[in-house]
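Per-entry structural report
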Amino acid sequence: MTLRAVLTPLVAGTTWRRGVFLLLGGVLALPYGVLVVTFAQLLADSEIPRPLVYALLVIAALIAVVPLLLDGSRALEIAAVRALLGIDLPEPVPGHTADRETRLRSALWIATHLIVGALVMVALFSALPMALAFIAQQFGIGTELTSRERFGPLDGRDSGWLTVSGVALLVGLGYAVAGLGALAGSMAPVLLGPAPAERIAALEAQAIRLAERNRLARELHDSIGHALTVATLQAGAAREVLDTDREFVRRALTAIEETGRTAMDELDHVLGLLREGGNERPVVAPQRTLADLDRLVTDARAAGLAVHAHRVGDPARVPAAVSREGYRIVQEGLTNAARYGEGPVTLRLDLHPGALELELVNGVRHRPERAHPGRGGRGLDGMRERVLLLGGGITVGPDGDRWLIRARLPYEETR
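The rules we used
Residues numbered from 1 in each chain as written. Predicted model: local features only at pLDDT ≥ 70, side-chain atom pairs only at ≥ 80, totals over all residues. Heavy atoms only, no water. UniProt positions renumbered as here; feature names shortened; annotations may be inferred. Helix = DSSP H or I, 4+ residues; strand = E, 2+ residues; numbered from the N terminus. Axes fitted to C-alpha atoms, helices over the stretch in contact; angles between N-to-C directions. Parallel < 35°, antiparallel > 145°, perpendicular 65-115°, else oblique. Contact = heavy atoms within 4.5 Å. Nonpolar A, V, L, I, M, F, W, Y, C, P; charged D, E, K, R; others polar. Expected span 1.5 Å × (residues − 1). Buried < 20%, exposed > 50% of the residue type's maximum accessible area, 1.4 Å probe, protein only. Arc of directions from axis to C-beta. Salt bridge = Lys/Arg side-chain N within 4 Å of Asp/Glu carboxyl O.

Under an unreviewed UniProt entry, the protein has the name histidine kinase and belongs to Micromonospora zamorensis. Regarding the protein, the relevant UniProt record gives this comment under Catalytic activity (unreviewed entry): "ATP + protein L-histidine = ADP + protein N-phospho-L-histidine."

Shown next as structure tokens:
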């Protein structure tokens, strides 16, 4: 073992942070120390009735124990451990109340932190000045402090041994802080770690976040995929008639511009929601619903896709969640029809009381590539997920020489 390895614990930044953590416990223990001194004086005073002192002692003990069992105290200790000991403990789940076993573990940790911190503070204010005085007298500083006292077998004339003792005391104090800090770091996950119920709550919260991210990814796939399909078809059609129909090219470029602008708005919206830790507020773009269906059909027709749309019922009576998902299903169906279909698309939308039924039918030029037999691509999987989450049913696949999408989304009709 090299000298550098021996001295590293004394000069490492982790040791200093651990020392601050231990001293924090000593600071928090000061009120308890005041209580101990106060009641020691009360018990030593024979003029104060003992029953009164004992009653006050019981009340003070109960009050002193309460902070050890609070969820807020545990949260503060976890924050201190993460910042000063460098232990990556999970944050307490908001709104979750710790069980009895977790509270007891936390109380044991806090009590140990206070006791050890108090001992380190006492050592700091007693051993450290003594060690510095021993070293300083070697250089003729403060010799009057050590010349008149004895320190075990040593006195003021043993200046060399006093200096060695001072250095040893400082080194020992440094190693003690490093060792106690390392022990605290190893025990923190045991005493402050999450309880099983907290782990389950954290996993549930993580699952919710992942589900939301998957939903946003699906939204991004559908909207951007549709925009790119429309823009590609428009650009291809404009290229074919570039020299013969300038007015059509102008309309196509305008449609591409509007489609691109809409896609950028939705992209900004999704990326704003996915952005974490930023100070910028996410850009809020309106969510597309069945009220925007006419615009969607118009854009598809402008891209060269023949769409025959039939609608029965008022989209305003459909709940927002069902209306959004219905719009996305139609959007994905039109996108697939533009990419892989042939001939006109027949869109039927029936808004019955309590259910939305939609159907898209088109000819098939070639079928989408499938990742798994019997399943569609990401877009078709997204359709199924949307419908299943709303408790509905869907049929997607070839129907003879046609491609059929038929979905039913139940809902409670709004008044």
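Describing the UniProt feature "transmembrane region" (unreviewed entry) in the protein
In this numbering, the UniProt entry assigns the feature "transmembrane region" (unreviewed entry) to residues 20–40, 52–70, 108–141 and 161–184. Secondary structure across residues 52–70 divides into 95% helix and 0% strand, with the first and last C-alpha atoms of the span separated by 28 Å.

Brief notes about the packing of helix 10 (residues 293–302) against helix 11 (residues 320–340)
It is at 11 Å that the axes of helix 10 and helix 11 come closest, and there the two elements cross at 5 degrees. One finds that helix 10 runs roughly parallel with respect to helix 11. Across the interface between the two elements, Leu293, Leu296 and Ala300 from helix 10 touch Tyr327, Val330, Gln331 and Leu334 from helix 11. In terms of residue class, the contact of helix 10 with helix 11 is built from six nonpolar, one polar and no charged.

So, helix 3 (residues 50–69)
In this model, helix 3 (20 residues) spans 29 Å end to end at C-alpha, consistent with the 28 Å of a helix rising 1.5 Å per residue. Within helix 3 the residues assigned to the buried category are Val53, Ala60, Ala64 and Leu68. All buried residues of helix 3 project into a common sector of 95 degrees when viewed along the axis, lining one side. Opposite the packed face of helix 3, turned more than 90 degrees from it, sit the exposed residues Pro51, Leu62 and Ile63.

Let's talk about the pattern of salt bridges
Two side chains that carry opposite charge are able to pair once their charged atoms sit near each other. For the structure on display, the rule yields 12 salt bridges. Measuring nitrogen to oxygen at the nearest pair gives 3.5 Å for the salt bridge that ties Glu240 to Arg239. Each member of the pair, Glu240 as well as Arg239, carries the same accessibility label: exposed. Glu359 is the salt-bridge partner of Arg406, the closest N and O atoms lying 2.7 Å from each other. Of this pair, Arg406 sits in strand 7 (residues 402–410) while Glu359 sits in strand 5 (residues 355–364); the two residues are 47 residues apart in sequence, bridging distant segments of the chain. Arg406 gets classed as partly exposed once you look at its relative accessible area, which sits at 40%. Salt bridges sharing partners connect three or more residues here, namely Arg348, Asp350, Glu359 and Arg406.

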